[in-house]
Amino acid sequence: MAKSTITFEDINVTVTVPAGTRVIEVSEKVGSGITYGCREGDCGTCIMKVTSGWNHLTEPSVLEDKILRENMAGKHNRLACQAQVLGGEISVHPV
Amino acid sequence: MNKLELHDSDGKPKAVMLSERVHWVGSLDPDLRTFDIILKSANGTTYNAYVIRGSEGVAVVDTVKEGFADDFFSRLESVADYSEIKVIVLNHLEPDHTGALPELMKRAPQAQLYISQKAQSMLKALLKQDEMSYTPVLTGDRVSLGDRTLEFLHTPYLHWPDTQCTYLAEENILFSGDVFGCHYCDNRLFNDHVGDFRFSFEYYYAHIMRPFKDYVMRALDLIEPLPVTMIAPTHGPILRDRPDRYVRRYRQLSSPSLASEISCDQKTLLIFYISSYGNTRRMAEAVYAGAMQVPDVRVSLYDLEGGEVDPFVDLIEEADGLIFGTPTINGDAVKPIWDLLSSLTVINIKTKLGGVFGSYGWTGEGVPLVEDRLRGLKMRVPIPGLRVKLIPTDEEIQACHDFGLELAKELMGLRSQKVLNFADLA
């Protein structure tokens, strides 16, 4: 199975994860500062900044795009409860 | 002496002249005592709105709170016909400035509305109208009224994402929105006529602008180069006597002060604790001793029992790292900790380093609850909280020492990156 690494810059922790893992599954376990509300892509609480490896995450869905726009999210921001890793190296931090 | 006529001979509210082409058409609210839940006012406030007349049309800059719309419309009608209004500018969409907008747009349907880029989604959410025509603007955008021109300055987060300022270049007047405003109601309107409003000005800054100091500095970078002979804010006195003083004061209030006390390669770490039987205190002292081992970390240890919240908030604002020690009583952290942690909305603590420790008797929920709060405040909490059941052993005291040491190292970027495997995570 394809492997990927995701680095949580706020706590300086890198985790090796299988492709398909959602960021939420990892961030809470390692204690990153990304916070969660609804956990289903509706509230925008878990907006995170992807500082590198943007292309190694699944494309945002139409619904995620809508929530990001409504929350005035910046460039390369994603919802941690929706984004899934595809491979390669990714770095994120809370917004 | 100094009394302005805010009403005509029939008692009807009338506009007040700022210049031949600019009038105040706002409303007085002397009975307001609490604003936005977080602010008090001992003598009310004003909702300032302005009318600008150009050779090719009239502009209205901001409106008033809905319940005060009658005065606004009456004053507006005293200097302009609705058919002349070509432009409506909203510098800020909070309801105390947009309350009269729907009615104004009905009375002047031909007027084009100008709002900031970031105001677009708010406009829809506030007015619940999908079919609204408006023009979003950024710094450098202009709208002409013939011989008068409005220029927009993008000044976000002062104090909402949407906020902007509008500059009337031909008269050097800055319509600043809530920036440079205050809750102070005086029917003499101008800063050279009203009573002493210094406290209100500072208090307003401290509660409204202080959390956004970085944005204030960026806005000042845009404002300071402009020749400004009058600042016309949306609340409080109109600043026509030496307006530059207020701009300088904003710069002063927004500039870091700790930088003059420590060298640029040092960082500050504050440890706050409270203890009922001395156990959390012993832990705090060990955390303090551990943190002190790291060069260039200026560590302070504070017992919350011996201090008050406001000065601690001042310290926290400029600190780089914060560690909290709390016992657990009846399944919760204790009130002095929550009192401090619920008082931080007036400052920006995002991305500061955080850590939590504490002694407990039964179940120890206090530490994880405070950790969650720190994460909710968008702080970094890289090291799991440290809990000790009742009296700490020598080993546990050593663990506290190491906890402080590691947090101080983290603060200085001295900890190596941790690499984990997903399958090994609990």
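Structural notes, computed from the coordinates. (Residues numbered from 1 in each chain as written. Chains lettered and ligands numbered in written order. Predicted model: local features only at pLDDT ≥ 70, side-chain atom pairs only at ≥ 80, totals over all residues. Heavy atoms only, no water.)

1. With respect to the overall build of chain B
Counted only if it meets this: Think of it this way: any DSSP run of H or I at least four residues long counts as a helix, any run of E at least two long counts as a strand, and we number them from the N terminus. Whether a residue is buried, partly exposed or exposed follows from its accessible area with a 1.4 Å probe, protein chains only, as a fraction of its type maximum: under 20%, in between, or over 50%, in that order. Every residue pair with non-hydrogen atoms within 4.5 Å of one another is taken to be in contact. Computed by Shrake-Rupley with a 1.4 Å probe, the accessible areas treat only the displayed protein chains as cover when residues are assessed.
Across its full length, chain B holds 12 helices and 24 strands. With the principal axes as the frame, chain B shows a C-alpha extent of 80 × 50 × 40 Å. Put simply, chain B has 426 residues, and 53% of those count as buried. Across chain B, every contact between residues at least 6 apart in sequence was considered, and the portion connecting residues at least 24 apart equals 70%. Working note: accessible area of chain B is about 18,800 Å², and carbon and sulfur atoms make up 50% of it.

2. What to know about the interface of chain A and chain B
The criterion, for reference: The term salt bridge refers to a pairing of a side-chain nitrogen on Lys or Arg with a carboxyl oxygen on Asp or Glu at a separation within 4 Å. Within 3.5 Å is the distance limit for a polar contact, defined as a pair of N or O atoms, with the added protein rule that one can donate a hydrogen and the other accept it, and that residues adjacent in sequence qualify only through two side-chain atoms. Two strands pair under a simple rule: DSSP has to find at least two bridges between them.
At the junction of the two partners, chain A supplies 22 residues and chain B supplies 23 residues. Scanning the region where chain A abuts chain B turns up 0 salt bridges. At the junction of chain A with chain B, the criterion picks out 10 residue pairs in polar contact (both at pLDDT 80 or more). Put simply, the parts of the chain that give the side of chain A that touches chain B at least two residues each are strand S2 (13–18) and helix H1 (23–30) of chain A. When residues in the side of chain A that touches chain B are grouped by element, the largest group, 6 residues, is from S2 of chain A. Sheet topology note: the S2 of chain A/strand S24 (residues 418–421) of chain B ladder contains 4 bridges and is parallel. Note that in S24 of chain B the partner of valine 15 of chain A across the bridge is leucine 420 of chain B.

3. So, the sheet that holds strand S4 (residues 77–79) of chain A
Under the convention used in this document: Every axis in this analysis is a line fitted to C-alpha atoms, fitted for helices over the stretch in contact. Angles between the N-to-C directions lie between 0 and 180 degrees.
Read from one edge to the other, the open sheet built from 6 strands follows the order S4(A)-S3(A)-S5(A)-S1(A)-S2(A)-S24(B), with strand pairing classed as mixed. Each edge of the open sheet carries a strand with a single partner, namely S4 of chain A together with S24 of chain B. Within this sheet the neighbouring strands show an average axis-to-axis angle of 35°, counted without direction. Relative to strand S5 (residues 88–94) of chain A, strand S1 (residues 3–8) of chain A is paired through 5 bridges, and the arrangement is parallel. Within S5 of chain A, the position partnered with phenylalanine 8 of chain A by the bridge is valine 92 of chain A.

4. Overview of the sheet that holds strand S1 (residues 16–19) of chain B
Residue and element names in this part refer to chain B. Taken in spatial order, the 7 strands of this open sheet run S1-S2-S7-S8-S9-S10-S11, and their pairing is mixed. Both edges of this open sheet fall to S1 and strand S11 (135–137), since each of them pairs with a single strand only. The sheet shows a mean angle of 25° between the axes of neighbouring strands, direction not considered.

5. Observations regarding the nonpolar core
Note the threshold: We call a set of buried residues a nonpolar core when its members are Ala, Val, Leu, Ile, Met, Phe, Trp, Tyr or Cys and they connect through side-chain atoms within 4.5 Å of each other.
Of all hydrophobic cores here, the largest spans 61 residues; its most connected members are Phe72, Leu76, Ile85, Leu123 and Phe180 of chain B. Per element, the largest residue contribution to this core is 6 residues, and it comes from helix H5 (residues 198–209) of chain B. Not counting the four nearest positions on each side in its chain, phenylalanine 72 of chain B is found in contact with Val25, Ser27, Ala49, Val60, Asp62, Thr63, Val64, Ala100 and Leu104 of chain B. If you look at the next biggest cluster of nonpolar residues, it comprises 28 residues, including Val50, Ala80, Ala83 and Val85 of chain A.

6. Things to note about the environment of leucine 425 of chain B
With respect to the helices and strands, the residue leucine 425 of chain B is situated in the segment after S24. Setting aside residues up to four positions removed in sequence, leucine 425 of chain B forms contacts with Val15, Val26, Lys29 and Val30 of chain A together with Leu420 of chain B.

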